[in-house]
Amino acid sequence: MLSKEPENNSPDPGSLITENQEAQAQVEAPAPAPASGEHSSNERNDMDNSIPNQTCSRSTDILLDPNFTPAIDLLNASLEFIRRIHAASLDNGDLQDETLSRIRNPFCESLILDKAELYSLQQFLSCESAPQQTYTNIMQVHNNFFPDFPMLSLDQIKRRIKEWSGVIPVIKDMCPKSCMAYTGQFEKLTSCPICSCSRWDTARLQASGGLVRVPAQQFYSYPLGPQIQALFRDPGMAEEMSYRRKTTATILRDLQMQDGKRMFFEDVFHGSEYLNHVKDGKISENDILLMFSMDGAQLYEHKQSDCWIGIFVLLDLRPDLRYKKKHVIPAFIIPGPNNPQDTDSFCFPTFYHLSALQQEGLGIWDASRELSYVSRPFMFLFSADGPGSVHLTGLVGHQGACPCRLFCGLKARHKPGVGCYYPALLKPIGYSVEGCDHADVDIKSITCASPTDYDTKLIYLLCSPNATNYRTRRKETGIVRPSLLSGLHSKYRLPISSMFTGDSLHVTTLNLGDLLLPLWRGTFTCDGTDSTTAWSWAVLKGHVWKQHGEAVANARPYIPGSFDRPPRNIAEKINSGYKAKEWQHYFYGLGPALLYNVLPLSYWQNFCKLVFAIRILLQRSITAEQLVIAQHKIEEFHTEFELLYVQQRVDRMHFMRPCLHLLLHIGLEVPRVGPAGIYSTWVMERTVGNLGEEIRLHSSPYANLAERALLRGQVNALKSIIPNLEKNTETIPQGGIDLGSGYILLRAHEQTSLECRGFVAVLISQFLSSEDPSYPLQDIYRFTRWARLRLPTGQTARSRWKESKKPLERLRISWNVKVFFSVFLNALLM
Amino acid sequence: MNLNGHTEFGEVEFYFQLHVSSEKIYTLALVSLYSKPNQEMYEKSIHTIYSVKKLPEEDALRIVDVKTIRSVVSLQPHIVDGEDRFFLWEQVGLELLTLGDMVEPLLPE
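Note that the coordinates shown come from a computational prediction; the quantities given were computed from them, not determined experimentally.

(A) A look at the packing of helix H20 (residues 504-521) of chain A against helix H24 (residues 601-617) of chain A. Residue and element names in this part refer to chain A. Relative orientation of the contacting elements H20 and H24 amounts to 170°, with a least axis distance of 14 Å. Relative to H24, the element H20 lies roughly antiparallel. Across the interface between the two elements, Thr508, Leu512, Leu516 and Trp520 of H20 pack against Phe607, Leu610 and Ile614 of H24. When grouped by side-chain class, the residues that make up the contact of H20 with H24 number six nonpolar, one polar and no charged.

Here you go:
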């Protein structure tokens, strides 16, 4: 399963070792990866060569073979959707003529509005977050005072926005209990195949004697084509869309100068997956690189996720634009009240449209270069953390028996007579479960996702002869069904399993929290043959636990406001929804110091290795050297965890939770697709969340959300078409001074000037003479003090001058800063 | 550590502007630097505990250009061998926050 052809070059995991051999040698000398089995040195890479890409995987051949019919209904249903997506055409009737003609013949000029239109539009946008009645009120007042220059009515302006933006939704019927959508092969059904609920509004159907058929509920998809086109219609915005093209050129040039070695990883473009596709000509400079993400949005407090939102992120934009609300493209909304059962049927219109665009091409008129071309949107990554991911990946969720959702091909082990598999690398002592009793797995042999592994497993699943057998195979493979994305032509997407990215959000926080804390508290499941009294690491008990919880809570005043959500007392709140952010702060901020002298030394140091590695892996930019060290440390953490806690005991195999294994992949994925932060939903959380916040009408929140998302798509498109519509969202607060490069001096500002003499005046003189020796120096300096400074990080640094008078319980100390001293300045200070 | 310099941590006393000539204005901060980290603790903790202490004023105070201030960090009080110290906590994934719509809103005062 782990076999890769003995090919020269995969620049993925091997590169962690070979690419940086020298760097690694300096740091610590790790044992060289043993050439065990198929994991020979052949895998070591050289960026000059490229991975021979399979144009079509074997499983894709089978999926698309009309003569192949799986024995399992569920698989058949998936195949039906997949085959329809594969055969997609823009002319299937979903799109209005207007949209169709735009996709094929984009407007080749900027959009010019007349004065009344522009005025009405600006008014409309300034009411964007207010109830819509506000616009009408303003219009009425305005029209009373200026009857010669009338504003458009709400209805008129909304119709114009639709027309100008070209964003027109595809509306489909769905089961009112949100089981499925009437799309694809379900298009003609009249009742839900899952819950038998009628497709129609039964009250109206009965009242009319069966004549009036009004859908009970509908959902919206927002076609991608016009939303992409909009980004090219203004020269400035179109220029922004060239970020990928320019960055790629820089990276390729640097690679040449650096003998094919990557010095750092900052974006997906530094990943081998992207670079190889570019070299093979599979991604051209005119294509659009897409990342799809799907996330649950909570509309009501008491429900988990009652609504699912699909979005596209355009990787062509620079990172600080692409995840912003105004550039994220809404794809669809699956309304509640329940979680969808047949997610494929809801995602179908979105990917059908994408498939048609890929095959027929999307007409782009690029205003920055004043040229027209046909673009093929390329489906590059699928990003969803935790629960969201299972919907579209077609994989089993967290409880899956197969520990690696990234298909590295690791062979797991289970306890005798228990079906749950664990990614235990070491073979337990006295263990002889058939199929699992392989020798110790060398941690260095674990590699990135292998398309071959996924492919083999998927075919095995598809060929299940009967339902019982299917269930077994599902468990063995970790695959429930083929992914809907398999319907996209393989030349316009990555191999399915290569599109999946790791889950750095849940794994490093909630999942580890569910493992480490119960272990340290001695509350983790303990087998009958084991005893928690033998758990030397189980120390967070009684008053130690209570004190530990207080220490966490007491950290609060010293946590700057910008850190977001300070962790609550963990001893009191661990069972009341300790949030991902709280876990992150607890483990990677406070953990090492608060657990020092609490955990036994070896266990504490083991934990520190994890912290060390994750702090690096979640950076936005990671140098090749840092990556080697971080990966080495996380491997040490994993290996030691098995030795310290599990101790090769069969009755402790359940300590080996899948999250431990997935930790290894966070670093392994970096050379392949760039740092985790770039495709983690950390960055998109807020974006998805605030669509939900925009809901105003409580009577029908789901319909309203869909309308909101539509308007969002339309307004975003318009803002790209006419960028100067956008009012500067962050105006500098009154009295502030913009210092440039993201620094803003902020009030409070002292009114009367301070006379500064003595030691501080000497320091000022020293500073000035180091800047320019000709400055006249003084004994007294006069100036007024300022309280706050906005930094390019988006944080606001405060100062002791204004803050230190506040009582500690009201403080979130934000006056501690990191200062960079250049060598030059430093020399003078010495 | 950066090749062209090094980072230090400190408390900002206040910010101020100096008009040295008609066209040149410096925007500066008076900062009290913390000590160098406790090396033993740093090594023992796999470089995860960077523990510093306050310095006497004459050693601590520095004038810095505000643009040398890179980020806001947390320094948490703790006691090591009976000594009052502070350990450093830098926000994990800080630079990622500016990518989304996650930054602090700008407040008037």
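(B) Representation of the interface of chain B and chain A. Counting from both sides, the interface comprises 75 residues of chain B and, opposite them, 93 residues of chain A. Taken over both partners, the interface formed by chain B and chain A buries close to 8100 Å², and the fraction arising from carbon and sulfur atoms is 65%. In this assembly, chain B and chain A are joined by three salt bridges. Across the pair Glu13 of chain B and Arg800 of chain A runs a salt bridge, and its minimum N-O distance is 3.9 Å. At the boundary of chain B with chain A, the tally comes to 31 residue pairs in polar contact (both at pLDDT 80 or more). No other element matches the 14 residues that strand S1 (residues 5-19) of chain B contributes to the side of chain B that touches chain A. Partitioning the side of chain B that touches chain A into residue classes produces 38 nonpolar, 20 polar and 17 charged. Pairing geometry for strand S19 (residues 816-822) of chain A and S1 of chain B, over seven bridges, is antiparallel.

(C) Focus on the nonpolar core. By size, the foremost hydrophobic cluster in this structure holds 216 residues, and its most contacted members are Phe351, Trp520 and Phe641 of chain A. With 11 residues, H24 of chain A is the single largest residue contributor to this core. When neighbours within four sequence positions are excluded, Phe351 of chain A is seen to be in contact with Ile85, Phe292, Phe312, Met379, Leu392, Leu484, Leu485 and Leu488 of chain A. Listed in part, the 21 residues of the second largest apolar core include Leu763 and Trp801 of chain A together with Phe16 and Leu28 of chain B.

(D) Layout of unusual backbone geometry. Geometrically, the link from Arg747 of chain A to Ala748 of chain A is a cis peptide bond, its omega value of 15° lying close to zero. In this structure, Ala748 of chain A sits in strand S14 (residues 743-749). The phi angle at Asp564 of chain A is positive, at roughly 65°, despite the residue not being glycine. Within the secondary structure layout, Asp564 of chain A lies in the loop between helix H21 (542-554) and helix H22 (570-573). Under the relative-accessibility criterion, Asp564 of chain A is labelled partly exposed at 35%. Phi is positive for Asp81 of chain B, close to 50°, though the residue is something other than glycine. Counting through the fold element by element, Asp81 of chain B comes out in the loop between strand S6 (74-80) and strand S7 (83-89).

Conventions used here
Residues numbered from 1 in each chain as written. Chains lettered and ligands numbered in written order. Predicted model: local features only at pLDDT ≥ 70, side-chain atom pairs only at ≥ 80, totals over all residues. Heavy atoms only, no water. Axes fitted to C-alpha atoms, helices over the stretch in contact; angles between N-to-C directions. Helix = DSSP H or I, 4+ residues; strand = E, 2+ residues; numbered from the N terminus. Parallel < 35°, antiparallel > 145°, perpendicular 65-115°, else oblique. Contact = heavy atoms within 4.5 Å. Nonpolar A, V, L, I, M, F, W, Y, C, P; charged D, E, K, R; others polar. Buried area = accessible area lost by both parts, 1.4 Å probe. Salt bridge = Lys/Arg side-chain N within 4 Å of Asp/Glu carboxyl O. Polar contact = N/O pair within 3.5 Å; in protein donor to acceptor, adjacent residues only side chain to side chain. Pairing = 2+ DSSP bridges. Core = buried A, V, L, I, M, F, W, Y, C linked by side-chain atoms within 4.5 Å. Buried < 20%, exposed > 50% of the residue type's maximum accessible area, 1.4 Å probe, protein only.

Read these as geometric descriptors, not functional statements.
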